[in-house]
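Breakdown of the fold
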Amino acid sequence: MSITITAFERSPDGGKGLARDTRVRWALEEVGQPYDVRYLSFQAMKEPAHLRLHPFGQIPTYEDGDLVLFETGGIVFHIAEQHAGLLPKDAHARARAIAWMFAALNSVEPGLLELVIAKFHEGDKPWSGERTPLIVDRIRQRLGQLSTRLGDAEWLDGAFSAGDLMMVSVLLRTRASGILEEFPNLAAYVARGEARPAYQRAFAAQLAANAGKPPAH
Ligand code: GTB
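Residues numbered from 1 in each chain as written. Predicted model: local features only at pLDDT ≥ 70, side-chain atom pairs only at ≥ 80, totals over all residues. Heavy atoms only, no water.

Some details on the environment of E47
To keep it simple, the criterion reads: Segments assigned H or I by DSSP are reported as helices when at least four residues long, segments assigned E as strands when at least two residues long, and all are numbered from the N terminus. Think of it in three bands: residues with accessible area under 20% of the maximum for their type are buried, residues over 50% are exposed, and the middle band is partly exposed, with areas taken using a 1.4 Å probe on protein chains only.
In this structure, E47 sits in the loop between α2 (42-45) and α3 (48-51). Given a relative accessible area of 36%, E47 falls into the partly exposed group. Sequence-wise, E47 and G57 are 10 residues apart; in three dimensions their C-alpha atoms are separated by 7.7 Å.

See below:
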């Protein structure tokens, strides 16, 4: 059986690793699973062939034999369950690592997405100037809580896990705003994630796919 994921034919970030296929590539690299990539244009993502795989017409998807998955949370969780390396064996530690995955996707990422929406989709609205600082304050508060919990630990709960993979992937999106750097332990945590050889391979692969192509949009 071979694994195929989907990714942007031309990522809007030009290969900075911020599109969500990077976290799936990273998980596959951590567990040593080879994979193929089918690259899609924005138009192809909305066509019936892709909508059969992904109800919302997005990337990434994951195919392995007759299993088709969408949503990076579900995909990374599946990879972590199938292969050793991303979830601890101890039942409680495993449950906590899974909880951190949900925390990344459910308690941290939504606030960051609000900022993206405010900047790119609502920037021309008359109330945008008042709303953006409120969003930034909420992000700052959540990252402050996360920073306190992490303290001077290397990873969120013992050894590196799928919870860290997801949290680092989510936090990477705050870098452009400068908020991450306000929390040196979180910035160092993200840098530790990025320094992992598996992340480096994932990043290089998505960069190579975008090399020489102008960013979409
Ligand atoms: N919750 C889903 C998941 O986790 O899988 C979200 C999937 C998603 O948002 N996919 C985006 C997509 O397909 C790509 S990653 N968008 C096209 C569409 O909806 O039509 C989001 C993303 C896009 C671009 C950048 N960037 O340029 O920096 C970063 C992240």
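Thoughts on the site of the ligand
This is how the line gets drawn: To be near a molecule or strand, a residue needs just one of its heavy atoms within 4 Å of it. Polar contact is the term for a pair of N or O atoms within 3.5 Å; when the atoms are in protein, one must be able to donate a hydrogen and the other to accept it, and sequence-neighboring residues count only if both atoms are side-chain atoms. Only the protein chains shown count as cover for residues, and the accessible areas themselves come from Shrake-Rupley with a 1.4 Å probe. Charged residues are taken to be Asp, Glu, Lys and Arg, nonpolar residues to be Ala, Val, Leu, Ile, Met, Phe, Trp, Tyr, Cys and Pro, and polar residues to be all remaining types, Gly included.
The environment of the ligand is made up of 14 residues, and the closest members are R20, K46, I59, E71 and T72. Measuring from an oxygen atom of the ligand, one finds a backbone N or O atom of D13 at 3.1 Å. Separating a nitrogen atom of the ligand from a side-chain N or O atom of E71 is a distance of 2.8 Å. Within the complex, 78% of the 680 Å² of free accessible area of the ligand lies under protein. Each residue belonging to the shell around the ligand can be placed in one class, and the counts come to seven nonpolar, two polar and five charged.

Details of the nonpolar core
Which entries qualify depends on this criterion: Definition used in this section: a nonpolar core is a set of buried Ala, Val, Leu, Ile, Met, Phe, Trp, Tyr and Cys residues joined via side-chain atoms within 4.5 Å. Those domain boundaries reflect an automatic or database domain assignment.
By size, the foremost hydrophobic cluster in this structure holds 53 residues, and its most contacted members are M167, L171 and Y189. Among the secondary structure elements, those contributing two or more residues to this core are β1 (3-8), α1 (21-30), α4 (72-82), α5 (91-120), α6 (128-150), α7 (162-171), α8 (184-195) and α9 (197-210). The dominant element in this core, judged by the number of residues it contributes, is α5, at 10 residues. Looking at which domains feed residues into this core, each of domain 1 (3-85 + 198-210) and domain 2 (91-196) supplies at least three.

Notes on the side chain of E194
Heads up, the rule is: For this analysis, residues touch if any pair of their heavy atoms sits within 4.5 Å.
Among the secondary structure elements, E194 is positioned in helix α8. Those residues in contact with E194 that sit more than four places away from it in its chain are L172, R175, Y199 and Q200.

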